[in-house]
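So the chains spell out like this:
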Amino acid sequence: MKEYYVYAYLREDGVPYYIGKGKERRAWEQHRSNGKGVHTPKDYKRIVLLHEDLIESEAFNLEIELIEKYGRQDLGTGVLKN
């Protein structure tokens, strides 16, 4: 079933700070626990579904591709908190 999607959390200036894959309500659920993870935007306009109707492997591969494209802050390669 094609029930997965890939989404982005955007900063106020429109630059993504997190890329994820999910199904159902995952993009709108809190990702932070025990002081780790990212904050889900309170303004749902800053949650963007980038691609929908994917199988899990498609979503997983696209998530990896987009994380590589935008880069990770912790690795010094880009803007994402992933």
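It should be emphasised that the depicted structure is a prediction, and the values quoted were computed from it without experimental measurement.

## What about helix 1 (residues 56–70)?
1) Next: Here helix 1 contains 15 residues, and its C-alpha end-to-end distance of 21 Å stays within 8% of the 21 Å for a straight helix at 1.5 Å per residue.
2) Next: Within helix 1, the full set of buried residues consists of Ala59, Leu62, Glu63, Leu66 and Ile67. In a view along the axis of helix 1, the buried residues occupy a sector of 135 degrees, so they form one face of it.
3) Next: Contacts made by the buried residues of helix 1 are with strand 1 (4–10), strand 2 (16–23) and strand 3 (47–54).
4) Next: Gly71 lies just past helix 1 and shows a positive phi near 75 degrees.

## Structural notes on the sheet that holds strand 3
1) Next: If you trace the 3 strands from one edge of the open sheet to the other, you get 2-1-3, paired in antiparallel fashion. Whereas interior strands pair on both sides, the edge strands pair on one side only; in this sheet they are strand 2 and strand 3. Between one strand axis and the next, the sheet turns by 15 degrees as a mean value, whatever way the strands run.
2) Next: When strand 1 meets strand 2, the two strands line up antiparallel, connected through 7 bridges. Of the residues in strand 2, the one forming a bridge with Leu10 is Pro16.

## A look at the packing of aromatic side chains
1) Next: A complete count under the given rule lists 6 aromatic pairs for this structure.
2) Next: Their ring planes at 45 degrees and their centres at 5.4 Å tell us that Tyr7 and Tyr9 sit as a pair that is tilted. Tyr9 matches Tyr7 in its accessibility class, with the two residues each being buried.
3) Next: Ring geometry for Tyr9 and Tyr17: centres 5.8 Å apart, planes at 50 degrees, overall tilted. For the pair Tyr9 and Tyr17, a shared accessibility class is recorded, and that class is buried.
4) Next: Feature note: the residues Tyr5, Tyr7, Tyr9, Tyr17, Tyr18 and Trp28 constitute an aromatic cluster, connected by ring pairs.
5) Next: Sitting over the ring of Tyr17, Lys81 keeps its end group 5.8 Å from the ring centre.

Thresholds applied
Chains are numbered independently. Their residues run from 1 in the order of the written sequence. The predicted origin of the model limits local features to residues at a pLDDT of at least 70 and limits the giving and counting of side-chain atom pairs to 80 or more, whereas totals for whole chains, interfaces and linings rest on all residues. With hydrogens and water excluded, all non-hydrogen atoms of the structure serve as input to the side-chain values. Numbering of helices and strands runs from the N terminus, with a helix taken as a DSSP run of H or I at least four residues long and a strand as a DSSP run of E at least two residues long. The span you would expect from a helix comes to 1.5 Å times its residue count less one. Each residue gets one of three labels from its accessible area relative to the maximum for its type: buried under 20%, exposed over 50%, partly exposed in between, using a 1.4 Å probe on protein chains only. Throughout, the arc means the angular range of directions from the helix axis out to the C-beta atoms. In what follows, residue pairs with any heavy atoms lying within 4.5 Å of each other are defined as contacts. Pairing between strands requires that DSSP locate at least two bridges from one strand to the other. Angles here are taken between N-to-C directions and fall from 0 to 180 degrees, while the axes themselves are lines fitted to C-alpha atoms, restricted in helices to the stretch in contact. In summary, the pairing rule links any two rings of Phe, Tyr or Trp, Trp by its six-membered ring, whose centres are within 6.5 Å, and it sorts them by plane angle into stacked for under 30 degrees, edge-to-face for over 60 and tilted for everything else. Two thresholds decide whether a charge sits over a ring: the Lys NZ or Arg CZ must be within 6 Å of the ring centre and within 35 degrees of the ring normal.

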